[in-house]
Amino acid sequence: MPVLRIAQLDDAKALAALAEATFRDTFSAANTTENMDAHCRVSYGEAAQAREIADASMQTLVAEHEGALVAYAQLRFGLAPDCVHAQRPGEILRLYVHRDWHGRGLAQLLMDACLAALRDRGADVAWLGVWEHNPRAIAFYRKFNFTEVGDHIFPVGDDPQRDIVMMRPMSNERSAHS
């Protein structure tokens, strides 16, 4: 099983490549090439990932196997849409696993690490946005006791897409393994 750790600045280039590859693998079939390219230009790249890694309001976790990054998650603290009622919200901004690692339990391990990191930073609620047309991800989050509380727009290029906002209280210690 890969080793999970907090990302360092020297991970930025590899993280950018993994982030773009996993986003394209997940969403290319449902989006135009132009919108995918526009989104990736803005969201991914060594400089963008270096800024995120250095940002004190975020935490990036990576899974490394034999010197290569194979999964990652990004957490963001303190921001939440109005439908998330919390004093200290923590967002699971991104959680992606390279397709070669699907079905091996890595996503569950990464989610457990995300929830532990949110707890460690004092979050009282964990929340996330998930594309309404991604039933596999929605089912995965439900296993971790996330429930739908609203929605928001997630632009992919010039296409405003609907994300379902899901949340769970951090006092709920039950995980998918319970």
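Residues numbered from 1 in each chain as written. Predicted model: local features only at pLDDT ≥ 70, side-chain atom pairs only at ≥ 80, totals over all residues. Heavy atoms only, no water.

## Focus: the environment of Leu109
Definition in use: Segments assigned H or I by DSSP are reported as helices when at least four residues long, segments assigned E as strands when at least two residues long, and all are numbered from the N terminus. Contact definition: two residues touch when any of their heavy atoms are within 4.5 Å.
Inspection of the secondary structure assignment puts Leu109 in helix α4 (residues 106-120). For the pair Leu109 and Ala73, spaced 36 residues apart in sequence, the C-alpha separation works out to 11 Å. The residues touching Leu109, leaving out its near neighbours within four places in the chain, are Met1 and Leu4.

## Remarks on the pattern of salt bridges
Applied cut-off: Salt bridge, as applied in this entry: a Lys or Arg side-chain nitrogen positioned within 4 Å of an Asp or Glu carboxyl oxygen. The rule is simple: take the accessible area with a 1.4 Å probe, protein chains only, and divide by the maximum for that residue type; under 20% is buried, over 50% is exposed, in between is partly exposed.
By the definition in use, this model includes ten salt bridges. Close ionic contact of Glu64 with Arg5 constitutes a salt bridge, the shortest N to O distance being 3.0 Å. Taken as a pair, Glu64 in strand β2 (residues 58-65) and Arg5 in strand β1 (residues 3-6) lie far apart in primary sequence, 59 residues in all. Glu64 gets classed as partly exposed once you look at its relative accessible area, which sits at 25%. Linking Arg94 and Glu52 is a salt bridge whose minimum nitrogen-to-oxygen distance equals 3.0 Å. In this pair, Arg94 is assigned in strand β4 (residues 89-97) and Glu52 in helix α3 (residues 46-54), connecting sequence segments 42 residues apart. Like Arg94, the residue Glu52 is buried in the burial classification. It is possible to trace a salt-bridge network through shared partners that takes in Glu132, Glu148, Asp151 and Arg162.

## Observations regarding the confidence of the model for the protein
Fine structural detail should not be taken from predicted coordinates in areas where pLDDT scores are low. Definition in use: Residue-level confidence of the predictor is summarised by pLDDT, bounded by 0 at the bottom and 100 at the top.
Model confidence for the protein is summarised by a mean pLDDT of 94, while 96% of its residues fall at 70 or above. Note that pLDDT drops below 50 for residues 174-178; the model gives that stretch nine contacts with residues more than four away or on any other chain.

## Structural notes on the side chain of Thr60
Applied cut-off: N or O atoms closer than or at 3.5 Å make up a polar contact, with two conditions inside protein: a donor-capable atom paired with an acceptor-capable one, and, for residues adjacent in sequence, both atoms drawn from side chains.
Mapped onto the elements of the fold, Thr60 is located in strand β2. A polar atom in the side chain of Thr60 sits 3.2 Å from the side chain of Gln74. Contact partners of Thr60, with chain neighbours within four places excluded, come to Arg5, Ile6, Ala7, Leu15, Glu52, Ile53, Ala73 and Gln74.

## Describing the packing of aromatic side chains
What counts here: Geometry of aromatic contacts follows a simple scheme: Phe, Tyr and Trp rings, the Trp one being its six-membered ring, pair when their centres are within 6.5 Å, and the pair is stacked under 30 degrees between planes, edge-to-face over 60, tilted otherwise. As a reminder, the over-ring test applies to NZ of lysine and CZ of arginine, requiring each to be within 6 Å of the ring centre and within 35 degrees of the ring normal.
A complete count under the given rule lists seven aromatic pairs for this structure. Judged by centre distance (5.9 Å) and plane angle (20°), the rings of Tyr72 and Tyr96 are stacked. Remark: Tyr96 occurs in strand β4 and Tyr72 occurs in strand β3 (residues 68-77); sequence separation between them is 24 residues. Residue Tyr96 is classed as buried on the basis of its relative accessible area, which comes to 14%. An angle of 65° between the planes, with centres 5.5 Å apart, marks the rings of Phe140 and Tyr141 as edge-to-face. Looking at Phe140, the relative accessible area reads 14%, which means it is buried. The exposure class assigned to Tyr141 is buried, which follows from its relative accessible area of 9%. By way of ring pairs, the aromatic residues Phe23, Phe27, Tyr44 and Trp131 are connected into one cluster. In this structure, Arg104 is placed above the aromatic ring of Trp101, and the distance from its NZ or CZ to the ring centre is 4.1 Å. Over the aromatic face of Phe77 sits the side chain of Arg121, whose NZ or CZ is 3.8 Å from the ring centroid.

## Side note on the layout of surface pockets
Put simply, the rule reads: Here a cavity denotes grid points, spaced 1 Å and computed from the protein atoms alone, that fit a 1.4 Å probe unable to get out, and a pocket denotes an open set having protein on both sides within 12 Å along at least 5 of 7 lines; residues with an atom within 4 Å of a point are the lining. Grid points are joined across faces, edges and corners, and a volume is the space filled by probe spheres set on the points. Ten residues, namely Ala, Val, Leu, Ile, Met, Phe, Trp, Tyr, Cys and Pro, are considered nonpolar, four, namely Asp, Glu, Lys and Arg, are considered charged, and the remaining ones, Gly among them, are considered polar.
Put simply, the largest pocket is a space of about 1200 Å³. Forming the walls of the largest pocket are 47 residues, and the residues nearest its centre are Phe27, Leu95, Tyr96, Asn134 and Tyr141. Of all the secondary structure elements, the ones that give two or more residues to the lining of the largest pocket are α1 (12-27), α3, β4, α4, β5 (125-131), α5 (135-143), β6 (147-156) and β7 (159-169). No other element matches the seven residues that β4 contributes to the lining of the largest pocket. The class makeup of the residues in the lining of the largest pocket is 23 nonpolar, twelve polar and twelve charged.

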